[in-house]
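Close look at the chain arrangement
These are the residues of each chain, in order.
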Amino acid sequence: MYASGWSQRYLLLRLGLISCRVCMYAHSDKKMHYVVVGLGLTGFSCARFLARQGYAFSVVDTRPIVAQAAAFRAEFPNVTLSLGDIEPTLAKADVLVVSPGVPLTDPALQSCRARGVPMTGDIELFVQHTDVPIVAITGTNGKSTVTTLVADLLNAAGCYAVPGGNLGIPALDLLLEAASSQQKPDYFVLELSSYQLERTFSLKAAVAAILNVAPDHQDRHPTFKEYQSMKHRIYEGAAALVYKRSDPTTHPSACTPAQQCITFDTDSVAHGVGIQVQKGEGFIALDNNPLFSLSHLKIPGLVFQDNVLSAMAIVSALLPMTTETIARMVLAIEGFQGLPHRCAMVGQCGGVYYVNDSKGTNVSATVAALISMQNTYAGNIFLLAGGDGKQADFSPLRSAINAQVGCLLLYGRDANILGAALLGAAPIRFAPTLIEAMDIARGIAQPGDVVLLSPACASWDQFKDYQERGQVFIQQVQRYQAACAADTTAAALV
């Protein structure tokens, strides 16, 4: 069930995709030799997909030792896997399928480009092999939560929506699962990174949303303009565009008569999703018509509120907001627990709260986390930050540091860079590792205070990924709680 006129617009856009697909594959895929570049999670999914389609392919990775190499060789014993020296295998490529983690500026890839070898990615392969409508979501922050929430809302409304992409299950694995399922999805809801969009050319999403754009990944996108332009590729050929009213970095350059444009923000406007206040109570509203009370949002903070607003804008582009549909969606929102490592309350010890925002891997995410904590807790905030700074400018953090920030506890490789940028904004303590920084925070925090892990950096200097970093934080908090419990027991026995 679609909003009026939506299906006709989308079908016309998909017809354009079909024409593009015929041109791209005029030389017959089965006669081409694909080379998958990068054997990470996405590269492995590309290999599975190409094998299922019956395409000839090889896999390369510049790393001489890859964790998944043994599993790959066991699953694909007859497929060439080249590690370290990839040049000989690249020389045989008709098409390169480049994993998101591999920069297109790599000299070996540039050499292939110079001799006319096309480069693509997993999302481009995905869109070339499905006719299921795609809901595409990107942004610097919040895209995983919104992607999950949109899928939950669509499913609650009676659709069959499958989330994935940069979140959870790789996109091509979704296609393989759908092929073996007895029910065809109504929607694929994909989180897309700038790296994935960089190598995607014919997305033509049913709905394309940019939640926000803030400086990030300067190690891969040297200028903010380049990074922003990669994000904006998501809008190309989309039937509906969703963006934030107060954030011009998300605004499309144009919205054609064939496209539906829906905005979201915390204000109240005649058109779009916003917040309307009636008798002192706030309501999520569509086109200034109240849909449901903000009291249904069980996760506190402005960040989640913004996530719900954007998710409702996306869903409103697909479904009519009937009373029954809204009631079902409200139940989904009430039951939404949030995603791990995103401003998640871990617990408390000695009256001190510990909040895990390990997914705060850039400056804007940490700014948002600080503002959210300042609006949620009355005590002082002890910020744990540091790691691989990705050549970021940390000075914008100063705007979110107020008197409520009791101390900055900086650790990891780029701690000194953070410290230089934030000198004078708040007291600073340095530590070599996250756990040592946590120990310092525990020693100075008082009941009612908050110890917040929101590093503003990637985790790669000391951890495999942000999940491992968040798990280390959780485990250390659990040790503190065990010690607190032991102290309480000992005191009771005295």
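Described below are features of the structure shown in this document. Please read all numbers here as calculations on a predicted model, not as lab measurements. (Residues numbered from 1 in each chain as written. Predicted model: local features only at pLDDT ≥ 70, side-chain atom pairs only at ≥ 80, totals over all residues. Heavy atoms only, no water.)

1. Some points on the state of the cysteines
So the rule is basically this: Disulfides are defined as pairs of cysteine sulfur atoms found within 2.5 Å of each other. Each helix is a run of DSSP H or I of at least 4 residues and each strand a run of E of at least 2, with the numbering of both proceeding from the N terminus.
Enumeration according to the criterion identifies two disulfides in this entry. A disulfide bridge connects C349 with C484, and the sulfur atoms are separated by 1.9 Å. Its S-S torsion of about 65 degrees marks the bond between C349 and C484 as right-handed, since a negative value means left-handed. Here C484 lies in helix α16 (residues 466-493) and C349 lies in strand β15 (residues 344-349), a separation of 135 residues in the sequence.

2. Focus on the environment of S268
Put simply, the test is: Think of it in three bands: with a 1.4 Å probe and only protein chains considered, a residue is buried below 20% of the maximum accessible area for its type, exposed above 50%, and partly exposed in between. Throughout this description, a polar contact denotes any pair of N or O atoms lying within 3.5 Å of each other; where both atoms belong to protein, one of them has to be capable of donating a hydrogen while the other can accept it, and for residues adjacent in sequence the pair is counted only when both atoms sit in side chains.
Following the sequence through the fold, S268 ends up in the loop between β11 (260-264) and β12 (273-278). Judged by relative accessible area, S268 falls into the partly exposed class, the value being 40%. A distance of 2.6 Å separates a polar atom in the side chain of S268 from a polar atom in the side chain of N288.

3. Digging into the side chain of S193
Residue placement: S193 occurs in the loop between β8 (187-191) and α9 (194-198). You can call S193 buried: its relative accessible area is 10%.

4. A look at helix α14 (residues 415-422)
What counts is decided by this rule: For this quantity, the arc is that covered by the directions from the helix axis to the C-beta atoms. Whether two residues are in contact is decided by their heavy atoms: any pair within 4.5 Å suffices.
The set of residues buried in α14 consists of A415, L418, G419 and L422. Down the axis of α14, the sector holding all buried residues measures 100 degrees, keeping them to one side. α14 presents N416 and A420 as exposed residues on the side facing more than 90 degrees away from its buried surface. Where α14 is buried, its residues touch β17 (381-386), β18 (405-411) and β19 (428-431). Of the residues one or two after α14, G424 is the one with positive phi, at around 90 degrees.

5. Let's talk about the packing of aromatic side chains
Under the convention used in this document: Here is the rule: rings of Phe, Tyr and Trp (six-membered ring for Trp) pair when centre to centre is within 6.5 Å. Planes less than 30 degrees apart are stacked, more than 60 are edge-to-face, and the remainder are tilted.
All chains considered together, the criterion is met by 11 aromatic pairs. Judged by centre distance (6.2 Å) and plane angle (45 degrees), the ring pair of F44 and F76 falls under tilted. Placement of the pair is F44 in helix α2 (residues 41-53) and F76 in the loop between α3 (69-75) and β3 (81-83), with a sequence separation of 32 residues. F76 gets classed as buried once you look at its relative accessible area, which sits at 9%.

6. Some points on the pattern of salt bridges
Test applied: Between Lys or Arg on one side and Asp or Glu on the other, a salt bridge is scored when a side-chain nitrogen of the former is within 4 Å of a carboxyl oxygen of the latter.
Overall, the coordinates contain nine salt bridges when judged by the stated rule. Between D173 and R48 there is a salt bridge; the shortest N-O distance is 2.8 Å. Of this pair, D173 sits in helix α8 (residues 171-180) while R48 sits in helix α2, and the two are 125 residues apart along the sequence. Across the salt bridge formed by R413 and D414, the nearest N and O atoms sit 3.5 Å from each other. Salt bridges sharing common partners tie together D388, R413 and D414.

7. Thoughts on the pairing of strand β6 (residues 134-138)
Along any regular strand, the residues point their side chains to alternate faces of the sheet. As a reminder, the rule being used: By the convention used here, strands pair only if DSSP detects at least 2 bridges between them.
In terms of burial, β6 is largely enclosed, as five of its five residues are buried. On β6, burial covers both faces: I134, A136 and T138 on one face and V135 and I137 on the other are all buried. Where β6 meets strand β9 (residues 207-210), four bridges bridge the pair, whose relative direction is parallel. Considered in β9, the bridge of A136 is made with A208.

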